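# Structural characterization, general
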Amino acid sequence: FALKLRSRREEIEAATSTRVFAVSDPPSTVGPEYSQGLRRAVAAALDYGIGSIERSEVGGPSLPPVLLAQAALAARSGVGLDTVLRRCLAGHSILADFVVELDEGALPPVVLKRLMRRLAAATDCLVTAVSREYAEASERGRHAATRHRAEIVERILAGEPIDTVDLHYDLEGHHHLAVLACGPGVSEAVRSLARALDARILALPSAAGVLWAWLGRPRPLDPNLVIGHATGNWPSGAVLSVGEPAEGLAGWRLTHHQARVALPVAFRSGCSIVRYADVALLASILQDDLLAGSLHQLYLEPLEVERDGGAVLRETLRAYFAAERNVSSAAVALGVNRNTVAARLRAVEHHLGRSLGVCGTELEAARRLMGIVEPPAPGSTDSARRSAGSAAAI
């Protein structure tokens, strides 16, 4: 029976090609390579189908590599999987019609059914293999596109003049706000944030698993509004650092660097969301192991001579600076009288050998730093890595 089919092979192939090419108009991304490959795929699929009818063993003939290659090309060319599968089924339908036509009642019904089952089984194998190859090619294409966009972003951040059309994001004509996020569900959370703020988004994962993203729109974005939206919808266990709003290409770079150096503060402090403006000093200190170690040595170690290791003095300082250096307000917050707070502050000045009016900023930075990082020894490279969290790792 297969000989009958092969005797009319040209006619079957012509009919199949007509049906297959009529399934869908090709997208604009399709070039002549796809059409030529489709013709080769039709011929190979026809041989595969006829071979499945004439072979008695289970499984039929091997799937022609050209069919898988065409499925991968379809994925790269933007041809939908539904179109690819409809073409497979159209080819099956044409060949099945010719089987019935050529039979003309000559074969016993049981034999004809067996031939049709072989053809159906072969088509099912074809559809399964083509679907798998299409999915794998699509995934490879997504990874390649992501790598390409990441390379563009890295080169722009490095100051290189480069075409940005593939980013599909306006760098020059928008106000930007960079965010960095890490943890489960952050990709959808950041995209949801962009939708809520009516902002364009450029997002891509870094090699370290941190999502880099920029929110852009014609008018500036308020970081507090961004944080407000994120606070109620942020995934548990994830962290977010937010830069400051900036305009144009230079601003796009600046806000990213701000969010980037703020992220280690979020990791080390246990805060799920941080804004650069709130942690700018700490973020800078974490980049400098000499400064971090020196602040601890100069402003915290002298307080450790107290019986409690300086705990009461540090807590008093926390309340004092939180109260904007108002002794009475600090006393209320601590639940002690004003004279007690004043005496503790004099003790701090005595241990440091300088007045709070002179060193208050450095002292508060050292105190806040103590809460997020082990005190490094000045000049220690290992300590720098622990406290700063290198930008390359982010």
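As shown above, the structure is provided for reference.
Rules used throughout
The numbering scheme is per chain: residues are counted from 1 as the chain's sequence reads. With the structure being a predicted model, the display of local features is reserved for residues of pLDDT at least 70 and the display and counting of side-chain atom pairs for 80 or more, all residues being used for whole-chain, interface and lining totals. For side-chain calculations, the full set of non-hydrogen atoms in the structure is used, while hydrogens and water are omitted. Two rings from Phe, Tyr or Trp (for Trp, the six-membered ring) form a pair when their centres sit within 6.5 Å of each other. Planes less than 30 degrees apart are called stacked, planes more than 60 degrees apart edge-to-face, and all others tilted. We count a stretch as a helix when DSSP gives it H or I for four or more residues in a row; a strand needs E for two or more, and each element gets its number in order from the N terminus. The cut-offs for exposure are 20% and 50% of the maximum accessible area for each residue type, with area from a 1.4 Å probe on protein chains only; residues under the lower value are buried, those over the upper are exposed, and the others partly exposed. Multiply 1.5 Å by the residue count of a helix minus one, and that product is the helix's expected span. Definition used in this section: a nonpolar core is a set of buried Ala, Val, Leu, Ile, Met, Phe, Trp, Tyr and Cys residues joined via side-chain atoms within 4.5 Å. Note on definitions: a residue-residue contact is assigned when non-hydrogen atoms from the two residues lie within 4.5 Å. Note on method: axes are straight lines fitted to C-alpha atoms, helices fitted across the in-contact stretch only, with angles between N-to-C directions ranging 0 to 180 degrees. Any angle that is under 35 degrees is reported as roughly parallel, and any over 145 degrees as roughly antiparallel; angles of 65 to 115 degrees are reported as roughly perpendicular and all others as oblique. Each residue gets one of three labels, nonpolar for Ala, Val, Leu, Ile, Met, Phe, Trp, Tyr, Cys and Pro, charged for Asp, Glu, Lys and Arg, and polar for the others, Gly among them. Pairing of N or O atoms within 3.5 Å defines a polar contact, subject to two protein rules: one partner must be a possible hydrogen donor and the other a possible acceptor, and residues neighboring in sequence count only if both atoms are side-chain atoms. Definitions used throughout: a 1 Å grid over protein atoms alone; a cavity as a set of points that fits a 1.4 Å probe which cannot get out; a pocket as an open set with protein on both sides within 12 Å along at least five of seven lines; a lining residue as one with an atom within 4 Å of a point. Grid points are joined across faces, edges and corners, and a volume is the space filled by probe spheres set on the points.

Moving on: the packing of aromatic side chains. Overall, the coordinates contain 2 aromatic pairs when judged by the stated rule. Taking the centre distance of 4.5 Å and the plane angle of 20 degrees together, the rings of Trp214 and Trp252 count as stacked. Taken together, the residues Trp214 in strand β3 (residues 211-217) and Trp252 in helix α9 (residues 248-269) connect sequence positions 38 residues apart. As far as the burial class goes, Trp214 and Trp252 line up, both buried. Judged by centre distance (5.5 Å) and plane angle (55 degrees), the ring pair of Tyr320 and Phe321 falls under tilted. By relative accessible area, Tyr320 is classed as buried at 11%.

This part takes up α9. For α9, built from 22 residues, the straight-helix expectation of 32 Å at 1.5 Å per residue is met to within 8% by its first-to-last C-alpha distance of 32 Å. Note on α9: the residue one or two positions beyond its end, Gly270, has a positive phi of about 85 degrees.

With that settled, the discussion passes to the nonpolar core. In terms of nonpolar packing, the biggest core is built from 53 residues, with Val153, Leu167, Trp214, Trp252, Leu317, Val348 and Leu363 touching the most fellow members. Residues contacting Trp214, with those up to four places away along its chain left out, are Val153, Leu157, Tyr169, Leu177, Ala178, Arg200, Ile201, Leu202, Leu204, Trp252, Thr255 and His256. Tyr34, Tyr48, Val84 and Ala137 belong to the second-largest nonpolar core, a separate cluster that totals 24 residues.

Once that is clear, we can look at the packing of α9 against helix α10 (residues 276-286). Where α9 meets α10, the axes come as close as 8 Å, and the angle between the chain directions of the two elements is 85 degrees. As far as their axial angle goes, α10 and α9 are roughly perpendicular. Of the residues in α10, those touching α9 at Gln258, Val261, Ala262, Pro264, Val265 and Arg268 are Tyr276, Val279, Leu282, Ala283 and Leu286.

This part takes up the packing of helix α11 (residues 289-299) against helix α15 (residues 356-370). Relative placement of two packed helices is described by the angle separating their axes and the distance separating the axes. The interhelical angle for the contact between α11 and α15, taken along N-to-C directions, is 110 degrees, at an axis separation of 9 Å. As the angle between them shows, α11 and α15 are arranged roughly perpendicular. Two secondary-structure elements touch here, α11 through Ala292, Leu295 and Tyr299 and α15 through Cys359, Glu362, Leu363, Ala365, Ala366 and Leu369. Among the residues making up the contact of α11 with α15, the classes are represented as 8 nonpolar, no polar and 1 charged.

Within the secondary structure layout, Glu244 lies in the loop between β4 (239-242) and β5 (246-247). Overall, Glu244 belongs to the buried group, its relative accessible area being 13%. Only 3.0 Å separates the side chain of Glu244 from the backbone nitrogen of Ala277, close enough to count as a polar contact. Not counting the four nearest positions on each side in its chain, Glu244 is found in contact with His176, Leu177, Pro223, Thr255, Gln258, Arg275, Tyr276 and Ala277.

Let us look at empty space enclosed by the protein. A complete count under the given rule lists 2 cavities of 30 Å³ or more for this structure. Computed from the structure, the largest cavity encloses a volume of approximately 400 Å³. Put simply, the parts of the chain that give the lining of the largest cavity at least two residues each are α2 (9-21), α3 (32-54), α4 (65-77), α5 (81-103) and α6 (109-157). If you tally residues by element for the lining of the largest cavity, the top one is α3, at 8 residues. Tallied by class, residues from the lining of the largest cavity come to 18 nonpolar, 6 polar and 1 charged.

Further remarks concern the layout of surface pockets. Of the volumes computed, that of the largest pocket is approximately 210 Å³. Taken together, Val265, Ser269, Cys271, Ile273, Val274, Arg275, Asp278, Val279, Leu282, Arg367, Arg368 and Ile372 make up the full set of residues lining the largest pocket. Secondary-structure elements contributing two or more residues to the lining of the largest pocket are α9, β6 (273-275), α10 and α15. Of the residues contributing to the lining of the largest pocket, the split by class is 7 nonpolar, 1 polar and 4 charged.

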